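In case you want the letters, here they are:
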Amino acid sequence: MPRVACAFWLSAPGQGEIRTVPLPEPAADEVLVRTICSGVSRGTETLVFRGGVPESQHTVMRAPFQEGTFPAPVKYGYLNVGVVEEGPHDLLGRTVFSLYPHQTHFVVPVSAVTPVPDSVPAARAVLAGTVETAVNALWDAAPLVGDRIAVVGAGMVGCSVAAVLARFPGVRVQLVDADPARAATARALGVDFALPADALGDCDLVVHASATEQGLARSLELLVPEGTVIELSWYGDRQVSLPLGEAFHSRRLVVRSSQVGTVSPARPRRTYADRLALALDLLADPAFDALITGESAFEDLPRVLPELASGDLPALCHRIRYGPADDG
């Protein structure tokens, strides 16, 4: 077993590199994990890549196993699936998910890894962190049977929310995005699709995840009186204008934030581990494969991340492969 590993670091905003890092011996309460695959979301991670984390959010936005500080140099990431190669007997050889950055091998506490159910392929389990965000958002939103719901923004988070909502009985769910190509993703997830101008109104609930002013304004327009927008977008260092004039007050509309950093107060008895375990159970559904829209080798990350950040390489979740293509 190597006592060094290779890790992806953001060396400067917009520029990354592969570095060799020391690999410590695991203690009795730790595991050594060999990474099978990791994931890049075009939302938060590409914003970090371009150096867009506001100084006021440097502490809040730290990933659990981040090294370095924003804007750079920093080792950042949070979608990792690997195999336990050293550690307690009951975990040896198990496929596990963890919130670890892009790195070939790493050592973490046993409590930082969650076994992936046998019903979930490792290549799909890389979505667990994003589906966990969707679970938390829906705990916050508390949709009811028969609700009319729009999800505005068919990125990785929005699609994850729509995929979970597709399981709710009796709800009308529509995924709304300015890109007509997202219609195919919506079909794969089992929900309707509409361009913003064609979206169905009279919504009891709108989940907004487009990270655009236009998307948030359209979300408010789609609500019934006293309806609620759950705001999942994170805008980083961008200023956002919100139309709070016109009929916002007379219709008694609500805008509520949701953020995965804390477990929803609507579920006070649930833990982070409970939430992640639920997300992994949901990933037994092969419909979630529609959210993985590309794959590259780990050694290509310094070239791939700039293309993802610029949009030259379109993606929802872009999977990073470690080792042979058929591993995991």
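What you see is a predicted model; the values in this text were computed from it and never measured. (Residues numbered from 1 in each chain as written. Predicted model: local features only at pLDDT ≥ 70, side-chain atom pairs only at ≥ 80, totals over all residues. Heavy atoms only, no water.)

## Some remarks on empty space enclosed by the protein
Scanning the entire structure with this criterion turns up 1 cavity of 30 Å³ or more. Of the voids in this model, the largest cavity is the one considered here, and its volume is about 70 Å³. Lining of the largest cavity is provided by Phe8, Leu10, Glu45, Val48, Phe49, Val74, Tyr76 and Leu305. Counting residues per element, the ones that place at least two in the lining of the largest cavity are strand 1 (4–12) and helix 1 (44–49). Looking at which element gives the most residues to the lining of the largest cavity, the answer is helix 1, with 3 residues. The residue inventory of the lining of the largest cavity, partitioned by class, reads 7 nonpolar, no polar and 1 charged. (1 Å grid on protein atoms, 1.4 Å probe; cavity = no way out; pocket = protein on both sides within 12 Å on 5 of 7 lines; lining within 4 Å. Points joined across faces, edges and corners; volume = space filled by probe spheres on them. Helix = DSSP H or I, 4+ residues; strand = E, 2+ residues; numbered from the N terminus. Nonpolar A, V, L, I, M, F, W, Y, C, P; charged D, E, K, R; others polar.)

## Looking at the side chain of Ser98
Assignment of secondary structure puts Ser98 in strand 7 (residues 95–98). Filtering out sequence-adjacent residues up to four positions away, Ser98 remains in contact with Tyr78, Leu79, Asn80, Phe106, Ala112 and Val113. (Contact = heavy atoms within 4.5 Å.)

## What about the nonpolar core?
Counting residues in each nonpolar core, the largest one holds 73 residues, and the members touching the most others are Leu127 and Val131. At 8 residues, the largest contribution of residues to this core is made by helix 3 (residues 128–141). Here Leu127 is in contact with Met156, Leu283, Phe288, Leu291, Ile292 and Cys317, once residues within four sequence places are set aside. (Core = buried A, V, L, I, M, F, W, Y, C linked by side-chain atoms within 4.5 Å. Buried < 20%, exposed > 50% of the residue type's maximum accessible area, 1.4 Å probe, protein only.)

## Overview of helix 6 (residues 213–221)
Residues of helix 6 that are buried include every one of Gly215, Leu216, Arg218, Ser219 and Leu220, and no others. Buried residues along helix 6 sit against strand 10 (148–152), strand 13 (203–208), strand 14 (223–231) and strand 15 (254–257).

## Some words on the sheet that holds strand 11 (residues 172–176)
With parallel pairing, 6 strands are arranged side by side in an open sheet as 12-11-10-13-14-15. Looking along the sheet, the strands with just one partner apiece sit at the ends: strand 12 (192–194) and strand 15. Taking each pair of neighbouring strands and ignoring which way they run, the sheet shows an average axis angle of 25°. Pairing of strand 13 with strand 14, which is carried by 5 bridges, proceeds in the parallel orientation. Within strand 14, the position partnered with Leu205 by the bridge is Thr228. With respect to the sheet, helix 6 is in contact with strand 10, strand 13, strand 14 and strand 15, its orientation differing from that of strand 14 by roughly 150°. (Pairing = 2+ DSSP bridges. Axes fitted to C-alpha atoms, helices over the stretch in contact; angles between N-to-C directions.)

## Focus: the pattern of salt bridges
Counted by the stated rule, this structure contains 15 salt bridges. One salt bridge connects Glu17 with Arg19, and the closest N-O pair in it is separated by 2.7 Å. What makes Glu17 partly exposed here is its relative accessible area of 31%. With a relative accessible area of 27%, Arg19 lands in the partly exposed category. Taking the shortest distance from any N to any O, the salt bridge between Arg319 and Glu295 comes out at 2.8 Å. Here Arg319, found in strand 17 (residues 317–321), pairs with Glu295, found in strand 16 (residues 292–297); they are 24 residues apart in sequence, far enough to count as distant. Residues joined in a network through salt bridges with shared partners are Arg3, Glu25 and Glu86. (Salt bridge = Lys/Arg side-chain N within 4 Å of Asp/Glu carboxyl O.)

## Some details on the layout of surface pockets
Volume-wise, the second largest pocket comes out at about 170 Å³. Taken together, Val135, Leu138, Trp139, Ala142, Pro143, Val164, Arg167, Phe168, Arg267, Leu278 and Leu282 make up the lining of the second largest pocket. Only helix 3 and helix 7 (272–282) provide two or more residues apiece to the lining of the second largest pocket. Of all the elements, helix 3 adds the most residues to the lining of the second largest pocket, at 3 residues. The class makeup of the residues in the lining of the second largest pocket is 9 nonpolar, no polar and 2 charged.

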